[in-house]
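# Coordinate analysis (summary)
The lines below spell out each chain.
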Amino acid sequence: MWVSGSMSGARTPARLLRGVLPTSGRHGPAASSYSASAEPSRVRALVYGHHGDPAKVVELKNLELAAVGGSDVRVKMLAAPINPSDINMIQGNYGLLPKLPAVGGNEGVGQVVAVGSKVTRLKPGDWVIPANAGLGTWRTEAVFSEEALIGVPSDIPLQSAATLSVNPCTAYRMLVDFEQLQPGDSVIQNASNSGVGQAVIQIAAALGLRTINVVRDRPDIQKLTERLKSLGAEHVVTEEELRRPEMKNIFKDVPQPRLALNCVGGKSSTELLRQLAPGGTMVTYGGMAKQPIIASVSLLIFKDLKLRGFWLSQWKKNHSPDQFKALILTLCDLIRQGQLTGPACAEVPLQDYQHALEASMKPFVSSKQILTM
């Protein structure tokens, strides 16, 4: 299961497992000078020293908290999700790989505990999220540089804050950056019950867009359909229904979509292309089927369809930190207005990480695993 658009990236900071020092019998000057206490603080973190099966290579370790420098911020992590891209990174199958050993997790929310003398944008008590991937959020506490963090309002639900910086950002940018859609226009997507898919449904509804949402068939398909419609989905169809001639009946009262969002690849993506209006665009942000996209020559020639890709990492490289912060605040406004909720989640204590990792890799699991500290 490979998802490219559901995470953004940056180089791993220079300090080993940024914000922590290895536990040993001796404490170096940086650790001991952290506070008036002679003993440095101990933290727990999920660490992997080599790539492989997350259930086998990830370990819960005790680490020592590094000293807070002038531009540093000490953060107590509150909650951090397990995203498909986190799994890909641990497996070594991702476009961005941190130096090893590394702390897992690229998304989450924490609370500022202390700040260095040169920190100007944050203060104790503030909620913060990672500015980029590679930060390592699966830990109880850490010391990060101020520039590695973005402050977020603390008046939004904790789960929404913990899952804010990856999937909703990807969904919003894909909806507004590729086609100039107007209220009443439609969008079609696969993997509609994924974190990005749920965000697409809600953000599209807030923008006045109508969604056609494709999911894999399953025993509880009716329950899933009802849940997606409660989020604002107009139509929910299975992959099998998408291939049937009756699919055209949907377009008797819904305009043909000019935008398709593909996270699967293979036959599913081919079917999305068939449903697009002339001149439409299919944006690929993942390849969960691990199969190539097959595009009909006739569709490209006679319908002039466009194939594009999206990776939040690249978007952030092409835009300023202030633009990313503006995007985050736009999404926070939608959350406050009740137009965007966090994905269905299952909260799991950090020490039960093995269960959470295994659950996150099972098929047909709609609940995102959230590690609580």
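Here the structure is shown first, and the text comes after it.
Overview of the structure. Throughout this description, residue numbers start from 1 for each chain and increase along the sequence as written. Residues qualify for local features only when their pLDDT is at least 70, as the model is predicted, and side-chain atom pairs are given and counted only at 80 or more; totals for whole chains, interfaces and linings, by contrast, use all residues. Each side-chain value is worked out from all heavy atoms of the structure, with water and hydrogens disregarded.

This part is about the overall build of the protein. Elements are defined by DSSP. Helices are runs of H or I of four residues or more, strands are runs of E of two residues or more, and each kind is numbered from the N terminus. Helix and strand content of the protein: 13 helices and 19 strands. The criterion used for residue contact is that any of the two residues' heavy atoms lie within 4.5 Å. Sequence separation of at least 24 residues holds for 74% of the intrachain contacts in the protein that already meet a minimum separation of 6. Per-residue and other accessible areas were derived by the Shrake-Rupley procedure at a 1.4 Å probe size, with only the shown protein chains allowed to occlude residues. Split by element, the accessible area of the protein, about 15800 Å² in all, is 52% carbon and sulfur.

In a soluble, globular protein the nonpolar side chains are often hidden away together inside. Counting residues in hydrophobic clusters, the biggest one holds 45 residues, and the most contacted among them are Leu175, Ile203, Leu261 and Leu331. Counting residues per element, this core draws most heavily on helix α12 (residues 321-336), which supplies seven residues. Domain delimitation follows an automatic or database domain assignment. Both domains that meet at this core, namely domain 1 (43-164 + 343-372) and domain 2 (167-314), each give it at least three residues. Those residues in contact with leucine 331, other than ones at most four positions away along the chain, are Leu164, Pro168, Cys169, Tyr172, Ile203 and Leu340. Tyr48, Val58, Leu350 and Ala356 belong to the second largest nonpolar core, which has 20 residues in total. In this text, buried Ala, Val, Leu, Ile, Met, Phe, Trp, Tyr and Cys residues form a nonpolar core when linked through side-chain atoms within 4.5 Å. Each residue's exposure class comes from its accessible area (1.4 Å probe, protein chains only) as a fraction of the maximum for that residue type: buried when under 20%, exposed when over 50%, partly exposed otherwise.

A few words on a nonpolar patch on the surface. Like-charged residues within 9 Å of one another, or nonpolar side chains (Val, Leu, Ile, Met, Phe, Trp, Tyr) within 5 Å, are grouped into patches, provided each residue has over 30% relative accessible area and no salt bridge. Salt bridge, as used here, is a side-chain nitrogen of Lys or Arg placed within 4 Å of a carboxyl oxygen of Asp or Glu. Residues Ile293, Val297, Leu300, Ile301, Phe302 and Leu307 make up a contiguous nonpolar surface patch of about 600 Å² in total accessible area. Per-element accounting of the nonpolar patch gives the leading share, four residues, to helix α10 (residues 297-302). Structurally, isoleucine 301 is set in helix α10.

A word on the environment of asparagine 190. Structurally, asparagine 190 can be placed in the loop between β11 (186-189) and α6 (195-206). Assessed through its relative accessible area of 0%, asparagine 190 is described here as buried. As a C-alpha pair, asparagine 190 and leucine 261 span 71 residues in sequence and 6.7 Å in three-dimensional space. If we skip the residues at most four places from it in the chain, asparagine 190 touches Val214, Glu239, Leu261, Asn262, Cys263, Val264, Ser268, Ser269, Leu272 and Tyr285. A polar side-chain atom of asparagine 190 sits 3.0 Å from a polar atom in the side chain of asparagine 262. A polar contact of 2.9 Å, which involves the side chain of asparagine 190, links it to the side chain of serine 268. For the purposes of these results, a polar contact is taken to be a pair of N or O atoms within 3.5 Å, where, inside protein, one atom must be able to donate a hydrogen and its partner to accept one; residues adjacent in sequence count only when each atom of the pair is a side-chain atom.

What follows deals with the sheet that holds strand β15 (residues 281-284). When DSSP finds at least two bridges between two strands, those strands are taken to pair. Reading across the sheet, the six strands line up as β13-β12-β11-β14-β15-β17 and stay open at both edges, with parallel pairing between neighbours. With partners counted over all chains shown, the strands left at the sheet margins are β13 (235-238) and β17 (306-309), one partner each. For this sheet, the mean inter-axis angle between neighbouring strands, taken without regard to orientation, is 20°. In this structure, β11 lies alongside strand β14 (residues 259-262), joined through three bridges in parallel fashion. Residue pairing in the sheet places glutamine 189 in a bridge with leucine 261 of β14. In the packing of helix α9 (residues 266-275) onto the sheet, contacts are made with β11, β12 (210-215), β14, β15 and β17, and the angle to β14 comes to roughly 175°. Orientation is described by lines fitted to C-alpha atoms, with helices fitted over the stretch in contact, and by angles between N-to-C directions that extend from 0 to 180 degrees.

We now examine helix α13 (residues 353-360). Listed in full, the buried residues belonging to α13 are Tyr353, Ala356, Leu357, Ala359 and Ser360. The arc enclosing the buried residues of α13, seen along the axis, measures out at 165°, which places them on a common side. Among the structural elements, β3 (42-48), α2 (54-57), β4 (58-65), α3 (84-91), β18 (345-349) and β19 (368-372) are those in contact with the buried residues of α13. For this quantity, the arc is that covered by the directions from the helix axis to the C-beta atoms.

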